[in-house]
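# Working through the structure, step by step
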Amino acid sequence: MSAPFSFFVVALAVLLLSACDTIPVRGDEEQGAEKSTEQSDNVQVIPLEDLELDSGFDTGEQAKSPEESIRADLREALDSPPPFRQTAYLDAVHKLIDKGDLQDAEAVLNKIDVRGLAPVHRARKRLLRAEISFQEDNLDRAMRLVERSLRAQNIDPTYVSRGMDLKARIDLLQGQPLDAAKAWIGRGNLLTDAQAIDDNHNRIWFALGHLNGLELQLAGQVGAADELRGWLDIAILFLEFVGDRHGLRSAVTQWINANSFHPAVDFTTALLPPLRTPEIRQVALLLPLSSNFGTAAQRVYNGFYAGHHTDTDPRRPNVVFYDVGGEPSLAGNYVGVAASDGANVIVGPLGRSAVNALLESRQPEKPIVLLGGSSTEYSLATGSYQFDLAPESEAKQVAEFMYASGHRRLATLYPNDEWGRRIYDAFVGHWETLGGTLAESQPYAPASDDFTVPINKLFNLTESENRKAFLQAKSRLNLHFDARRRRDIDALFMAARPDEARLLKPQINFFQGHDLPVYSTSHVYTGAADTIKDTDLDGIMFPDMPWTIANTARIDKLKTLLKNAGFTDVSSELFAFGYGSYQLALLAARPPQAGDTRLNGLTSELIIGKDGRVHRHPEWAKFIKGVPARIWTH
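Given the structure is predicted, the values throughout are model-derived calculations rather than measurements. (Residues numbered from 1 in each chain as written. Predicted model: local features only at pLDDT ≥ 70, side-chain atom pairs only at ≥ 80, totals over all residues. Heavy atoms only, no water.)

What follows is about the nonpolar core. Core analysis: the largest hydrophobic core is formed by 36 residues, its most contacted members being W184, W205, L208, W231 and F238. At the level of secondary structure, the elements contributing two or more residues to this core comprise α8 (157-173), α9 (177-188), α10 (194-208), α11 (213-221), α12 (226-240), α13 (245-258) and α14 (265-271). Top contributing element to this core by residue count: α12, with 9 residues. Setting aside anything within four residues of it in sequence, one finds W184 in contact with D165, A168, R169, L172, N200, R203, I204, A207 and W632. (Core = buried A, V, L, I, M, F, W, Y, C linked by side-chain atoms within 4.5 Å. Buried < 20%, exposed > 50% of the residue type's maximum accessible area, 1.4 Å probe, protein only. Helix = DSSP H or I, 4+ residues; strand = E, 2+ residues; numbered from the N terminus. Contact = heavy atoms within 4.5 Å.)

Between its first and last C-alpha atoms helix α4 (residues 84-99) spans 23 Å; for 16 residues at 1.5 Å apiece the expected length is 22 Å, and the two agree. Taken together, the buried positions of α4 are occupied by Q86, A88, Y89, L90, A92, V93, H94, L96, I97 and K99. G100 sits one or two positions beyond α4 and adopts a positive phi of about 90°. (Expected span 1.5 Å × (residues − 1).)

Take the environment of K505 next. Turning to its location among the elements, K505 is positioned in helix α22 (residues 498-513). You can call K505 buried: its relative accessible area is 4%. Separated by 32 residues in the primary sequence, K505 and L537 have C-alpha atoms spaced 6.1 Å apart. Ignoring sequence-local partners within four residues, the contact set of K505 consists of V518, D536, D538 and I540.

If you walk across this open sheet you meet the 7 strands as β7-β6-β8-β9-β10-β14-β15, and the pairing is mixed. Of all strands in the sheet, those with a lone pairing partner are β7 (437-444) and β15 (627-631), marking the two edges. Bridge count for strand β8 (residues 491-494) against strand β9 (residues 518-519) is 2 bridges, and the pairing is parallel. Within β9, the residue paired with F493 across the bridge is Y519. Sitting on the sheet, helix α18 (residues 391-404) is in contact with β6 (409-415), β8, β9, β10 (540-544) and β14 (619-624), with an inclination near 170° to β8. (Pairing = 2+ DSSP bridges. Axes fitted to C-alpha atoms, helices over the stretch in contact; angles between N-to-C directions.)

Next up on the list: the confidence of the model for the protein. The pLDDT averaged across the protein works out to 81; a share of 82% of its residues lies at or above 70. Every residue in residues 16-63 is under pLDDT 50, and counting partners more than four places away or in other chains gives 85 contacts. (pLDDT = per-residue confidence, 0-100.)

Here we take up the packing of aromatic side chains. Applying the stated criterion to the full structure yields 22 aromatic pairs. With a centroid separation of 4.6 Å and an interplanar angle of 40°, the aromatic rings of Y301 and Y305 are classed as tilted. Of this pair, Y301 and Y305 both sit in helix α15 (residues 294-309), 4 residues apart, roughly one helical turn. Residue Y301 is classed as partly exposed on the basis of its relative accessible area, which comes to 23%. When the ring of F427 is compared with that of F493, the centres are 3.9 Å apart and the planes differ by 5°; the resulting orientation is stacked. Here F427 is found in helix α19 (residues 418-434), whereas its partner F493 is found in strand β8, with 66 residues between them in sequence. Since its relative accessible area comes to 1%, F493 is described here as buried. An aromatic cluster of at least three residues, connected via ring pairs, comprises Y301, F304, Y305, F321 and Y582. One cation-aromatic arrangement involves R408 over Y403; the distance from NZ or CZ to the ring centre is 3.6 Å. The side chain of K559 reaches across the aromatic face of W547, ending 5.3 Å from its centre. (Phe/Tyr/Trp six-rings, centres within 6.5 Å; stacked < 30°, edge-to-face > 60°. Lys NZ or Arg CZ within 6 Å of the ring centre and 35° of its normal.)

Across the junction of P82 and P83, the peptide omega takes the value 0°, indicating a cis bond. Along the polypeptide, P83 turns up in the loop between α3 (66-78) and α4. Notably, D137 is not glycine yet its phi reads approximately 65°, a positive angle. Locating D137 in the fold gives a position in the loop between α6 (119-135) and α7 (139-150). Located in the positive-phi region is D569, a residue other than glycine, with phi close to 60°. Within the element layout of this structure, D569 appears in the loop between α25 (553-564) and α26 (573-587).

The subject of this paragraph is the pattern of salt bridges. Between side chains of opposite charge, pairing is possible as soon as their charged atoms come close. Tallying each qualifying case throughout the model produces 19 salt bridges. R229 is the salt-bridge partner of D226, the closest N and O atoms lying 3.2 Å from each other. Taken as a pair, D226 and R229 lie in helix α12 at a separation of 3 residues, close to a single helical turn. Overall, the relative accessible area of 62% leaves D226 in the exposed class. For R229, a relative accessible area of 29% corresponds to the partly exposed category. For D313, the salt bridge is made with R315, and the minimal N-O distance between the two is 3.2 Å. (Salt bridge = Lys/Arg side-chain N within 4 Å of Asp/Glu carboxyl O.)

The next thing to look at is α7. Across its 12 residues, α7 extends 16 Å between first and last C-alpha, which sits within 8% of the 16 Å expected from 1.5 Å per residue. Taken together, the buried positions of α7 are L139, R141, A142, M143, L145, V146 and S149.

Let us look at the pairing of strand β1 (residues 282-287). Counting buried residues in β1 gives 6 out of 6 residues, a clear majority hidden from the surface. Taking every second residue as pointing to the same face, both faces of β1 are buried, with Q282, A284 and L286 on one and V283, L285 and L287 on the other. Note that β1 and strand β2 (residues 318-323) share 6 bridges and pair parallel. Considered in β2, the bridge of V283 is made with V319.

Attention now moves to the packing of α6 against α8. The contact between α6 and α8 brings their axes to 11 Å, and the two run at 30°. Classed by the angle they form, the pair α6 and α8 counts as roughly parallel. Crossing angle aside, the handedness with which α6 passes α8 is left-handed. Between α6, through V120, R124, L127, A130, E131 and F134, and α8, the contact on the second element is made entirely by Y159, R162, G163, L166, R169, I170 and L173. The class makeup of the residues in the contact of α6 with α8 is 8 nonpolar, 1 polar and 4 charged. (Parallel < 35°, antiparallel > 145°, perpendicular 65-115°, else oblique. Left-handed = near helix turned anticlockwise from the far one by under 90°. Nonpolar A, V, L, I, M, F, W, Y, C, P; charged D, E, K, R; others polar.)

Below, the structure written as structure tokens:
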């Protein structure tokens, strides 16, 4: 948040005092949340004409940024009588929360007087306070507030929908996925927009994915409503036929035919894997097993053959494996051999160097699934794809997620090594392309255990200390002074590996960054639960494959089946990458599609663009009490 904008928000909160817009503490709704007027007597009331508004801002125009939209609401509030004033203030708080500015949101909310107004204003204020509590991980208080809000009468359906969505998300984090699914099903009855309805179906499916087979069966027996029972039946089928793609399609098609009026029919149809390309009879898999990358290649190999193992279609293709060794320049030769051997589709080679060498040496005539990024312009055969796990790709996804979450002005911390600079360059380049601003960046020494210097520089604490020293020298007085971090950033992107992050986050908290949203990439998580060590990561949000963080009944069952079938390293990200590569091989050689194709695999949702590039749609998690809890973020 920019300094002038922050001043604007605080000034508006203070201005409310002049109209006695404060209310005393009462009940658990407001306990500990608001200060009385007496506690604020020392605050100077700033007249409207002294507020720093952007010159030339026209509130009649459509807001061009989150900040301008909030300013418009606050200006409207100042010029309006009750209850329109309170409505505009509540609108501003709503947007501040969406933008992630919880401190300013609470400052304004605490000053809004809703006494004597219609129940909708009291319920909405309570709901906004619930959202702030939720963002601060105070789940018990958030649930009390949201439940009281939903009991109010004659509330606008928009607010009821928002409240039910919040209740569902709290239910999930409190280990009540069935209650979450019920809340989202109820919310669906309030929605009319087709996109919103489809999004809500995704939320229901997300919640049901947390239930095991017995829980799904029992939930359907205890007086379940017809709509819920239909959802439970779908979830049971997807669990029952894990590892049997062919059987799943047949069983779900039967359910759709028998339940043609259920609201989830279209959604369920989209969950099914796209129809395979029928002419694919042989797939060539090219990996560098006998090279320095042999361990990684072996995991991809295991995942690919696991995908083949779970393909129960009697028409599944034959797979021929080629060990391409450690010389990237030979990749093109192996592609030629595989094509001569009768391969309809080629998967590989693995890694940026091999992919670049292949594209520079020859343009494959057969459809190919490239397993790595490239710096070379290329023109591949129709139906070819490029699938990549490069950290740069994930850094760009984090930038997009942070921008979509309302953040605009960031700070970054990154390790001063090749890996860190690659992530930093990709993130910052994409962030600025999106329209975001980078306020400050600081590299750190990854081998260190004391990050005081880069964090102090990041938060301008050193500058505050310098000001103190200057004033003390001039005044010759021993001044009482608490250094304060800069307030013009609304989030932090931190590139770090687990050991680094466990040291960085507590130090960020210590240096007044405890209220700053912190985002990272999947590299911040080891992939194995360690609640003792990972407590130091609490509050960090990061994307990852569902295969790694989901631990849903479907994924757990598939992992067990594959382990029992003799596959190793089934929990690794590269195993999941190989598994997804097999799914892509089944779709290769298709004619160009009009739009993106979504492949709802168990490893992750893969989005195949019109240009053939494959993007992973990750799930997001937030460390809470040392556990990466899946969060609904869309």
